[in-house]
Amino acid sequence: MMKIKINNTEKNICMLLMAMIFSFFSITICSKSSILYPMNDWVDANCFFTMGKALMNGKILYKEIYEQKGPLLYFMHGIAYWFSKDSFLGVYIIEVFMFGMHLFFAYKCAKLYIEQYNIAILIIPVLAVIIPISEAFAHGDSVEELTICFLMYSLYSVLKAKKENRLLNIQECLLNGVCIAWSLWTKFTILGFYIGLSLYVVLWYFGEKQWKKLGNVIVCVLLGVSITTIPIIVYCYKTNSFMDMIEAYFYNNIFLYPIHLENGIYKGMDFIFNCVRMLKSNISFSIFIVIGIVDMFIRKTKGYIAIILSFFGLLVGTYSGGRSAVYYGLIFSVYTVFGIIVLFRELIFWRNINKIKAVLYFPLSIVIIICSVGTSLLFTGNRYLMRYAKNDLPQYKFAQRINQVENATMLNYGFLDGGFYFAAGCEPINKFFCKLNIPLEEMDEDQNRCIVEGKVDFVVTRDKKLEDYNLDIENYKMVDTASMIFEGEERTYFLYQHY
């Protein structure tokens, strides 16, 4: 019987399609942005969506509307808002695509170390399960989730060149520049990864005495960074908001957001504690991270120093500020693939997988998909929200009351954006539309002024009544209250109306 040969391009297309299919199932089940959920009630996701909406409706980022992430993130969520104004459908599609690209490059990376094609492809369904069910995946739509595909490509490109005993080509350098720019303009602490990886490239080229070609690499990488950066600079120039962006995104995040501990010992202990907690709370993938890094170090696998330097650079960039949130750990899932490579390499069973007849591939694929879907559904921490309809949520209960007033305005007071702007279809009228985790007097004054001067029709608070704040609220009356589980705790929300 004649065998059909598949070239590398066709194989890559098949793998990309497979990655997108598994990404679709995983994100659909595990992300609150998906069509299975009434809405994504995560505060960060709603902050991003509100900023994207404000951007698309003409507000100037950082000057007229404030949040502390990078502008590229808001451009992306502006596109998501343009695609679907009253749902997270646009965000959901972006998540599926980004995670699919991560799975694809993870497969490509695994193929560098696993010769058998039929074994390497199993990386895709395994990663599609263990990453989204982790605690760090949180609710969906985190910066970390949207960034791991860029880090995965960067690691893959460097390791591929090293394994093939060649230097980086122009295309790889340009794409790495784009990847660096993504981290720079969404959440710059992730640049610790690229600092470590760049250090490795410099040492590599110096070892090869390729100083001139190192200069070419730097130029090409900077060109890739510029391609992504120029539109941001143009936007800031056109809107006269460059200094607002510098202050809000860089200065405030560097000097106001971190927790400052005066004692150096306490700083070191706090850093170690955060790193250990990240590994402990995300055991579904962290065990593979440890196994993979240790194995590569022991075997002195080509490129292992790149993995180690980038990993520790990412640790420092993520946790040196003293703060730690559960979703921070998701960025480290990029290293999961190396532990799975070890597992597949060592299990004798997989060495016989090539004996499986081609006729069995399709039914086996169906079984793998069913197992992946079942595992994701069983272990995702977000499953509880699937049981609720929109009208069961405080956001939509309050929206019914808010939308009774024509062109109603509102303020999310004293806590991060809880999704009430989203549900009611309202756009903030003030710069600080919610209370961010940053000690900024201007923010408190802006929110308080809205209430004292009666600038908004409605005010929403969480767990604390408006009367408990030291404010003049004579013109506001509580008109509704609702409770809902959020991040394992029952939260009570209060709605006030201006009379």
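Residues numbered from 1 in each chain as written. Predicted model: local features only at pLDDT ≥ 70, side-chain atom pairs only at ≥ 80, totals over all residues. Heavy atoms only, no water.

Q: Can you lay out the overall build of the chain for me, pointing to particular residues and giving the numbers?
A: Within the chain, the secondary structure is distributed over 19 helices and four strands. In terms of overall dimensions, the chain has a C-alpha envelope of 80 × 55 × 45 Å along the principal axes. Relative to its 499 residues, the chain shows a buried fraction of 55%. Within the chain, residue pairs in contact and separated by at least 24 positions form 74% of the contacts whose partners lie at least 6 positions apart. (Helix = DSSP H or I, 4+ residues; strand = E, 2+ residues; numbered from the N terminus. Buried < 20%, exposed > 50% of the residue type's maximum accessible area, 1.4 Å probe, protein only. Contact = heavy atoms within 4.5 Å.)

Q: Talk me through the packing of aromatic side chains; I want residue IDs and the actual numbers.
A: Counted under the stated rule, the structure contains 38 aromatic pairs. Here the guanidinium or amino end of R323 rests over the ring plane of Y257, the centre of that ring lying 4.3 Å away. Over the ring of Y469 we find K464; its NZ or CZ atom is 4.3 Å from the centre of that ring. (Phe/Tyr/Trp six-rings, centres within 6.5 Å; stacked < 30°, edge-to-face > 60°. Lys NZ or Arg CZ within 6 Å of the ring centre and 35° of its normal.)

Q: Hey, could you go over the packing of helix α7 (residues 143-163) against helix α14 (residues 304-319) for me, with residue numbers and the actual values?
A: Closest axis-to-axis distance for the α7/α14 pair is 11 Å, and the angle between their directions is 155°. As the angle between them shows, α7 and α14 are arranged roughly antiparallel. Remark: the crossing between α7 and α14 carries right-handed chirality. Between α7, through L151, L155, V158 and L159, and α14, the contact on the second element is made entirely by A306, I307, S310 and L314. Across the contact of α7 with α14, the residue classes break down as seven nonpolar, one polar and no charged. (Axes fitted to C-alpha atoms, helices over the stretch in contact; angles between N-to-C directions. Parallel < 35°, antiparallel > 145°, perpendicular 65-115°, else oblique. Left-handed = near helix turned anticlockwise from the far one by under 90°. Nonpolar A, V, L, I, M, F, W, Y, C, P; charged D, E, K, R; others polar.)

Q: Let's hear about the nonpolar core: which residues, and what values?
A: Membership of the largest hydrophobic core comes to 177 residues, with the highest contact counts inside it found for Y335 and F338. With 14 residues, helix α4 (residues 89-111) is the largest single contributor of residues to this core. Dropping the residues within four chain positions of it, Y335 is found in contact with L155, F193, F288, I289, I307, S310, F311 and L314. (Core = buried A, V, L, I, M, F, W, Y, C linked by side-chain atoms within 4.5 Å.)

Q: Give a description of a nonpolar patch on the surface that names residues and reports values.
A: Taken together, the side chains of I35, L36, M56, I79, W82, F83, L89 and I93 make up a nonpolar region of the molecular surface, amounting to roughly 810 Å² of accessible area. Elements supplying a minimum of two residues to the nonpolar patch: α3 (71-83) and α4. By residue number, the principal contributor to the nonpolar patch is α3, which donates three residues. Tracing the backbone shows W82 in helix α3. W82 gets classed as exposed once you look at its relative accessible area, which sits at 57%. (Patch = residues over 30% accessible without salt bridge, like charges linked within 9 Å, V, L, I, M, F, W, Y side chains within 5 Å. Areas by Shrake-Rupley, 256 points an atom, 1.4 Å probe, with all protein chains shown as cover. Salt bridge = Lys/Arg side-chain N within 4 Å of Asp/Glu carboxyl O.)

Q: Tell me about the sheet that holds strand β2 (residues 458-462), and please be specific about residues and values.
A: Here we have four strands laid out as an open sheet, ordered β1-β2-β4-β3, and mixed in their pairing. Of all strands in the sheet, those with a lone pairing partner are β1 (410-412) and β3 (476-486), marking the two edges. Each strand axis lies, on average, 20° off the axis of its neighbour in the sheet, ignoring direction. Inspection of the sheet shows β1 paired to β2 by three bridges, in the parallel sense. Its bridge partner being in β2, L411 is matched across the sheet by V459. (Pairing = 2+ DSSP bridges.)

Q: Could you give me a rundown of helix α19 (residues 441-452), with the residues and numbers involved?
A: For α19, with 12 residues, the first-to-last C-alpha span of 16 Å sits near the 16 Å given by 1.5 Å per residue. Within α19, burial applies to M443, D446, Q447, C450 and I451. Each buried residue of α19 lies within a common arc of 135° when the element is viewed along its axis, so the set occupies one face. Residues of α19 that are buried make contact with β1, β2 and β3. Positive phi appears at G454, one or two residues downstream of α19, with a value of about 60°. (Expected span 1.5 Å × (residues − 1). Arc of directions from axis to C-beta.)

Q: Help me get a handle on the pairing of β3, residues and values and all.
A: Across 10 bridges, β3 lies against strand β4 (residues 489-498) in antiparallel orientation. Note on β4: the bridge partner recorded for M484 is R491. The antiparallel hairpin formed by β3 and β4 contains two residues in its connecting segment, where E487 sits at a positive phi of about 50°.

Q: Before we move on, can you summarise empty space enclosed by the protein with the specific residues and values?
A: Empty space among the atoms becomes apparent when a probe as large as a water molecule is rolled across them. Considering all chains together, one arrives at three cavities of 30 Å³ or more under this definition. Quantified by volume, the largest cavity comes out at close to 50 Å³. Every residue along the wall of the largest cavity is listed here: F22, F25, S26, I29, A128, I369, S372, V373 and S376. Only α1 (8-30) and α16 (361-379) provide two or more residues apiece to the lining of the largest cavity. Here the lining of the largest cavity is built from residues that sort into six nonpolar, three polar and no charged. (1 Å grid on protein atoms, 1.4 Å probe; cavity = no way out; pocket = protein on both sides within 12 Å on 5 of 7 lines; lining within 4 Å. Points joined across faces, edges and corners; volume = space filled by probe spheres on them.)

Q: Account for the layout of surface pockets, with residues named and values stated.
A: Within this model, the second largest pocket holds a volume of roughly 520 Å³. Taken together, 28 residues form the lining of the second largest pocket, with V43, D44, Y327, L416 and N437 sitting closest to its centre. At the level of secondary structure, the elements contributing two or more residues to the lining of the second largest pocket comprise α2 (43-56) and β4. In terms of residue class, the lining of the second largest pocket is made up of 13 nonpolar, six polar and nine charged.

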